[in-house]
Amino acid sequence: MRHGKKFNHLGRKTAHRKSMLANMACSLIEHKRINTTVAKAKALKQFVEPLVTKSKEDTTHNRRIVMSRLRQKEAVAELFRDVAAKVADRPGGYTRIIKLGNRLGDNADMAMIELVDYNETYNAGKPAKKKSTRRGRSKKSDSESVAPVAPVTETKASNEEE
């Protein structure tokens, strides 16, 4: 039974897995998209998205947390400088996984993981939509949204009878 196993171990020991994910995250931040297997892409998505969220608020504490996970000063600097500015208004979902098919040598499922805001082909066709919330409307705005009933006007036929 697999009780309490919430993440994929990727067939590696803990230190190897953490180092591999840190290196892949640094490559993703540097190149904005990388090709890998589907399992590694899903594990990388879980690894990198909280770091991008932390980069939106540039504090010393957040920089130290991200630095302890990524271990590369240049990647941390680029994350807090460039990537955080692009994703500032996005409420999560910073990466996209696109499946590419199977690898020739061993038939492994391949995927491309990319930062969403850096792909111009997907974002070009969509107009910028206004920011909306999922909260209900207040009673004041509901009463204003109801249109008043217009008075009934007389028609030409009734005017001609008089």
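Residues numbered from 1 in each chain as written. Predicted model: local features only at pLDDT ≥ 70, side-chain atom pairs only at ≥ 80, totals over all residues. Heavy atoms only, no water.

Looking at an unreviewed UniProt entry, the protein chain carries the name Large ribosomal subunit protein bL17, with the source organism given as Geojedonia litorea. What UniProt states about the protein chain under its Sequence similarities (unreviewed entry) heading is, verbatim, "Belongs to the bacterial ribosomal protein bL17 family." (UniProt positions renumbered as here; feature names shortened; annotations may be inferred.)

Asker: Mind showing me how you'd approach the overall build of the protein chain here?
Answerer: Secondary structure summary: the protein chain contains 7 helices and 3 strands in total. Listed N to C, the secondary structure of the protein chain is α-β-α-α-α-β-β-α-α-α in terms of helices and strands. Within the span of the protein chain, comprising 162 residues, buried residues form 30% of the whole. Of the contacts formed within the protein chain by residues at least 6 apart in sequence, a portion of 55% connects residues at least 24 apart. Per element, the accessible surface of the protein chain, about 12,300 Å² overall, is 52% carbon and sulfur. (Helix = DSSP H or I, 4+ residues; strand = E, 2+ residues; numbered from the N terminus. Buried < 20%, exposed > 50% of the residue type's maximum accessible area, 1.4 Å probe, protein only. Contact = heavy atoms within 4.5 Å. Areas by Shrake-Rupley, 256 points an atom, 1.4 Å probe, with all protein chains shown as cover.)

Asker: What's the story with the pairing of strand β2 (residues 95-102) in this structure? I'm lost.
Answerer: Note on strand geometry: in a regular strand, side chains alternate between the two faces of the sheet. Both β2 and strand β3 (residues 109-115) contribute to a ladder of 7 bridges, which runs antiparallel. Among the inter-strand pairings, R96 is bridged to a residue of β3, identified as E114. Hairpin remark: β2 followed by β3, antiparallel, with 6 residues in the connecting loop; positive phi at N107, about 65 degrees. (Pairing = 2+ DSSP bridges.)

Asker: What is the right way to read helix α4 (residues 73-86) from this model?
Answerer: Structurally, the α-helix is built with 3.6 residues per turn, so residues lying three or four positions apart point the same way. Here α4 spans 20 Å end to end across 14 residues, near enough to the 20 Å set by a 1.5 Å rise per residue. In the structure, α4 departs most strongly from a straight axis at L79, where the bend amounts to approximately 35 degrees. Among the residues of α4, A75, V76, E78, L79, F80, V83 and A84 are the ones counted as buried. Turning to α4, the residues buried within the fold contact α1 (14-31), α2 (38-55), α3 (60-70) and β3. (Expected span 1.5 Å × (residues − 1). Bend = angle between axes of the 7 residues up to and from the residue.)

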